[in-house]
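# Descriptive analysis of the structure
Here are the chains, one letter per residue:
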Amino acid sequence: MPETLGGTANGLRWQESSVRLIALLMTLILIVGLAFLIRMQVTSSTVNSVEWVAHTHEVEARVFELASSLNEMEAAAFASQYDPLSQDAAHRYGEARARYGPILEKLRALTLDNPAQQERLGMLRAQIEGRVKLFEDAVMNRAEGRAAGSGLMDAVTRFPVDETLDAIIGEEQKLKNQRETAAARRATVGNWIIGAASVVQLLLLAGIIWGSENQLRRRLGAEATARQAVERSRMIVATVREPIAVIGQDLALIECNQAFTDYYGLERGDLFSKSAAWNDAMLLQRLRDVALTRRELWDYELTQTLDTGTRHVVVSARMMALPDSRESGILVTVSDITARKQAEAQILELNRQLEGKIEQISESNRELEAFSYSVSHDLRAPLRHIAGFAEKLRSHLGEGADERTRHYADVVVDSSRRMSSLIEDLLTYSRLGRHAMRLQGVDMQAMVNEVRIALTSGEEDRRVSWRIAPLPVVIADENMIRLVWQNLIDNAMKYSGTRENAVVEIGMGEATPLEYTFFVRDNGVGFDPAYSDKLFGVFQRLHKASEFAGTGIGLASVRRIISRHGGRTWAESEPGHGATFHFSLPRTQNQF
Amino acid sequence: MMKEIRTILLVEDSAADAEMTMDALREARLANPIVHVEDGVEALDYLFQRGSWAGRQTAVPAVVLLDIKMPRLDGIEVLREIRGSERLRRVPVVILSSSREESDLAQSWDLGVNAYVVKPVNAQQFFDAVQTLGQFWAVMNEMRPG
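Every value quoted in this text rests on a predicted model; they were computed, and no experiment measured them.

## Thoughts on the overall build of chain A
- What chain A contains, in helices and strands, is 12 helices and 12 strands.
- In chain A, 64% of the contacts between residues at least 6 apart in sequence involve partners at least 24 apart.
- As displayed, chain A offers around 35600 Å² of accessible surface, 58% of which is attributable to carbon and sulfur atoms.

Put into structure tokens, the structure is as follows:
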């Protein structure tokens with residue numbers, strides 16, 4: 001059904017387009033998401049490196065702060081060496097001493113992630129504490145009046161705090177540089193990736209544009225093809241010679257082709273019954289039935305009177321969905337069968353004439369048969385009388401008659417006998433054409449043997465070599481077929497009678513699925529093939545009666561019998577080299 | 001009781017045939033009288049003792065030799081009348097005709113003919129056949145009494 005097919009196609013198209021939509025969305029997400037991710041990556045690495053720079057600066061600041069407080073401490077310690085009673089120096093020392101602890105703590109917190117720095121800081125703390133011990137010992141000694149002298153200097157040289165501080169700063173600087181280099185490298189890689197992503201984006205976009213362009217072109221092409229197809233269909237409907245119309249359920253014309261308008265002069269919107277040609281109550285009812293029951297109307301025959309004359313048409317109608325409407329229409333197609341009707345009428349008339357002729361022929365055949373029957377019978381009676389009374393005359397004359405008188409009587413008797421056998425044969429021949437055939441299984445082999453024995457029984461002194469091939473069983477009229485074999489075998493014997501070694505051969509030709517063919521061949525005198533057509537005619541003889549006896553009716557009877565069985569007869573020969581007589585019997589009726 | 005001598009009825013329109021037949025029967029030296037009528041109507045008149053044969057006293061014939069093709073009423077119709085009659089239906093009827101036609105043979109046998117002989121053209125055979133018939137039906141055959 002077309003609806004289902006259309007539905008399937010629609011479904012397929014929907015599936016296809018949704019797949020394409022999803023693929024497009026994924027691509028977009030990929031393009032935008034990839035770029036976003038890369039940018040995020042690059043940005044976060046930049047932020048990281050800035051943070052690291054700040055961190056390094058912080059560490060440096062703390063280290064400098066620490067160094068300054070240590071210097072302050074050192075300075076205050078020296079000052080108090082020279083002026084042990086200076087309260088100011090003691091105060092400055094105390095302040096500086098109090099500061100370094102928290103700074104160290106901060107530094108430790110800042111470099112928690114770096115064990116090497118932690119180690120250095122530990123060392124630094126030990127050095128500072130060592131220094132502080134020496135400072136404070138020196139200050140204590142001075143206060144107790146002992147010479148300070150070397151203790152302070154020892155503190156500076158034994159605990160080289162500045163080297164450790166430099167190492168810490170150097171380490172931080174190194175780390176900062178490393179991180180800046182890494183950040184720069186990452187930024188470069190990021191740039192490259194962004195560049196590559198842009199290229200990929202461009203390619204994808206180009207692909208999408210190419211794809212949609214292609215799609216559009218295909219759609220346009222398909223639309224053009226569809227438009228052409230629609231146009232072609234419209235042209236076909238418009239051009240076709242059969243009137244075609246679509247009518248609504250109210251039997252008003254919705255659409256029709258040119259042929260319909262030409263035939264009936266109806267236009268769109270006209271009621272179907274407006275044309276007198278369609279004003280057939282029965283047909284209109286049937287069309288309403290089509291609309292009601294949705295059953296088709298097939299080949300409704302109608303005779304319409306139009307301007308162009310009386311037309312015979314057949315009307316077919318079926319419901320048709322209208323694409324532009326919820327209602328269904330009825331498609332009405334009309335075939336003009338006027339020519340066919342005329343031909344039919346002509347055939348009927350010819351048949352009638354033919355039947356009349358056949359009747360005439362049958363009648364004349366019957367007359368002919370009756371005539372030949374009657375003639376044969378009526379001829380026989382006087383013949384019998386001639387023969388009978390000639391016989392009586394001969395015996396009446398007795399010994400007293402002279403030679404000549406007896407000869408005359410003999411001629412009368414012989415002629416009447418000859419005429420009698422002619423009439424007998426003619427009667428047989430006539431009967432062959434008239435009698436109904438009685439078909440039955442006939443064993444050709446047995447029949448040929450039977451006929452051969454019957455024909456040779458009176459001629460024991462003749463030497464004939466018989467060559468008889470195996471023969472089948474056929475369906476035929478037994479009596480008629482016996483007559484065929486009798487005639488053919490009798491002829492073969494008769495015309496080979498002059499041969500010292502007469503040979504009669506009976507056999508079959510190649511059997512086809514359609515027919516059997518049989519033949520009887522002799523090595524007798526044969527005949528001139530120029531006359532082979534005459535051979536099967538009634539009373540046709542190719543030899544003088546003084547040479548070979550016969551009435552010339554035998555082969556005519558053979559042909560009549562075989563043709564009544566639907567077969568053929570033919571013969572071939574060369575004078576002096578024998579003759580072959582063939583006949584065929586159709587096999588269709590021979591199959592058991 | 002002496003056997004009653006019945007007639008032989010010959011129904012034959014051809015004078016020559018009739019003459020040949022009667023000659024043959026005479027030569028057979030049969031005691032039976034031979035009655036010759038020339039067509040079917042006359043045959044029925046004889047058999048049913050009507051017309052010119054009204055008042056005939058003799059019994060039914062020993063045999064009816066019946067030709068088929070005759071003017072007025074043919075042999076087949078005569079046979080039909082004989083077989084349809086209560087008194088005559090057992091009379092031997094021999095068709096003696098020139099016809100070997102199947103329809104003639106079939107009709108005759110269907111109507112209950114006793115024999116069907118085709119007249120031989122050969123004169124001698126004809127004489128022999130008629131004599132044999134006469135001897136068989138008039139001398140050898142025993143009729144139903146009555």
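Moving on from the model shown.
## Overview of the packing of aromatic side chains
Residues and elements named next belong to chain A.
- Within this structure, the stated rule accounts for 12 aromatic pairs over all chains.
- One aromatic cluster is present, formed by F260, Y263, Y264 and W278 through successive ring pairs.
- Taking NZ or CZ as reference, R452 lies 5.6 Å from the ring centre of W466, over its face.
- Seen from the ring of Y429, R560 lies directly overhead, with NZ or CZ sitting 4.1 Å from the centre.

## Regarding the pattern of salt bridges
- Overall, the coordinates contain 39 salt bridges over all chains when judged by the stated rule.
- The partner of E72 of chain A in a salt bridge is R92 of chain A, and the shortest N-O contact between them spans 3.0 Å. Linking E72 of chain A in helix 1 (residues 2–82) with R92 of chain A in helix 2 (residues 87–110), this pair joins segments that are 20 residues apart in sequence.
- For R92 of chain A, a relative accessible area of 27% translates into the label partly exposed.
- The salt bridge involving D88 of chain A is made with R92 of chain A; its shortest N-O contact spans 3.7 Å. Taken together, the residues span about one helical turn, with D88 of chain A and R92 of chain A both in helix 2 at a distance of 4 residues.
- The exposure class of D88 of chain A is partly exposed, given its relative accessible area of 46%.
- What you see here is one network of salt bridges that share partners, running through R384 of chain A together with E12, D17, D67 and K119 of chain B.

## Thoughts on the nonpolar core
Residue and element names in this part refer to chain A.
- Formed by 36 residues in total, the largest nonpolar core has its most connected members in M444, I481, W485, F518, F581 and F583.
- Where this core is concerned, the elements lending two or more residues are helix 10 (444–456), strand 8 (473–477), helix 11 (478–495), strand 9 (502–508), strand 10 (515–522), helix 12 (554–564) and strand 12 (579–586).
- Membership of the second largest hydrophobic core comes to 29 residues, among which are V59, V63, A77 and V132.

## Describing the side chain of S584 of chain A
All names here are of chain A.
- Tracing the backbone shows S584 in strand 12.
- A polar contact of 3.5 Å, which involves the side chain of S584, links it to the side chain of E515.
- Setting aside chain neighbours within four positions, we find S584 in contact with E515, Y516, T517, I562, G567, R568 and W570.

## Considering the sheet that holds strand 4 (residues 93–97) of chain B
All names here are of chain B.
- The parallel open sheet is built from 5 strands, whose spatial order is 2-1-3-4-5. Lying at the two open borders of the sheet, with one neighbouring strand each, are strand 2 (34–37) and strand 5 (115–118). Averaged over all adjacent pairs, the angle separating strand axes in this sheet is 20°, with direction ignored.
- Across 4 bridges, the pairing between strand 4 and strand 5 is parallel. Note that in strand 5 the partner of I95 across the bridge is Y116.
- Along the sheet face, helix 4 (residues 102–110) touches strand 4 and strand 5 and points at about 155° away from the line of strand 5.

## Examining the confidence of the model for chain B
All names here are of chain B.
- The share of residues in chain B with pLDDT of 70 or more is 97%, and the mean pLDDT across the chain is 87.
- No element of chain B has a lower mean pLDDT than helix 5 (residues 123–140), at 87, and none a higher one than helix 3 (residues 75–84), at 94.
- Model confidence for the complex is summarised by a pTM of 0.45, with the ipTM given as 0.71.

## Some words on the interface of chain B and chain A
- Chain B puts 22 residues into the contact, and the matching count from chain A is 19 residues.
- Around 1900 Å² of area is buried between chain B and chain A when both sides are counted, 51% of it from carbon and sulfur atoms.
- On the chain B side of the contact with chain A, S98, E101 and V121 of chain B bury the most area, a combined 33% of that side's loss.
- On inspection of chain B and its partner chain A, the count reaches 4 salt bridges.
- Ionic pairing is found between R438 of chain A and E102 of chain B, a salt bridge with its closest N-O pair at 3.8 Å.
- Remark: the boundary between chain B and chain A carries 7 residue pairs in polar contact (both at pLDDT 80 or more).
- The element best represented in the side of chain B that touches chain A is helix 1 (residues 15–27) of chain B, accounting for 6 residues.

## Things to note about the packing of helix 10 of chain A against helix 11 of chain A
Residues and elements named next belong to chain A.
- In the contact formed by helix 10 and helix 11, the axes pass within 9 Å of each other and the chain directions differ by 50°. By the angle between their directions, the pair helix 10 and helix 11 is classed as oblique. Judged by the twist between their axes, the crossing of helix 10 over helix 11 is right-handed. Where helix 10 abuts helix 11, its residues M444, M447, V448, E450, V451, L455 and T456 lie against E478, I481, R482, W485, Q486, I489, D490 and M493.

## As for a negative patch on the surface
- A surface patch of like charges, here negative, comprises E459, E460, D461 and D490 of chain A.
- Structurally, E460 of chain A can be placed in the loop between helix 10 and strand 7 (464–468).

## Here we look at the confidence of the model for chain A
Residue and element names in this part refer to chain A.
- Scored by pLDDT, chain A comes out at a mean of 83, with 94% of its residues at no less than 70.
- Averaged pLDDT values for the elements of chain A fall to 72 in helix 4 (residues 150–158) and rise to 93 in strand 10.
- In this model, residues 1–7 is a region of pLDDT below 50 whose contacts with residues beyond four sequence positions or in other chains number 0 contacts.

## Description of the packing of helix 2 of chain A against helix 3 (residues 115–143) of chain A
All names here are of chain A.
- Interaxial distance between helix 2 and helix 3 falls to 10 Å at its minimum, and their mutual angle equals 170°. With respect to their mutual orientation, helix 2 and helix 3 come out roughly antiparallel. Here Y93, R97, Y100, G101, L104, E105, L107 and R108 of helix 2 lie close against helix 3, whose contacting residues are Q118, L121, L124, R125, I128, E129, V132, F135 and E136.
- Across the contact of helix 2 with helix 3, the residue classes tally to 9 nonpolar, 2 polar and 6 charged.

The rules behind each value
Residues numbered from 1 in each chain as written. Chains lettered and ligands numbered in written order. Predicted model: local features only at pLDDT ≥ 70, side-chain atom pairs only at ≥ 80, totals over all residues. Heavy atoms only, no water. Helix = DSSP H or I, 4+ residues; strand = E, 2+ residues; numbered from the N terminus. Contact = heavy atoms within 4.5 Å. Areas by Shrake-Rupley, 256 points an atom, 1.4 Å probe, with all protein chains shown as cover. Phe/Tyr/Trp six-rings, centres within 6.5 Å; stacked < 30°, edge-to-face > 60°. Lys NZ or Arg CZ within 6 Å of the ring centre and 35° of its normal. Salt bridge = Lys/Arg side-chain N within 4 Å of Asp/Glu carboxyl O. Buried < 20%, exposed > 50% of the residue type's maximum accessible area, 1.4 Å probe, protein only. Core = buried A, V, L, I, M, F, W, Y, C linked by side-chain atoms within 4.5 Å. Polar contact = N/O pair within 3.5 Å; in protein donor to acceptor, adjacent residues only side chain to side chain. Pairing = 2+ DSSP bridges. Axes fitted to C-alpha atoms, helices over the stretch in contact; angles between N-to-C directions. pLDDT = per-residue confidence, 0-100. Buried area = accessible area lost by both parts, 1.4 Å probe. Parallel < 35°, antiparallel > 145°, perpendicular 65-115°, else oblique. Left-handed = near helix turned anticlockwise from the far one by under 90°. Patch = residues over 30% accessible without salt bridge, like charges linked within 9 Å, V, L, I, M, F, W, Y side chains within 5 Å. Lys, Arg positive; Asp, Glu negative; His and termini not counted. Charge placed at Lys NZ, Arg CZ, Asp CG, Glu CD. Nonpolar A, V, L, I, M, F, W, Y, C, P; charged D, E, K, R; others polar.

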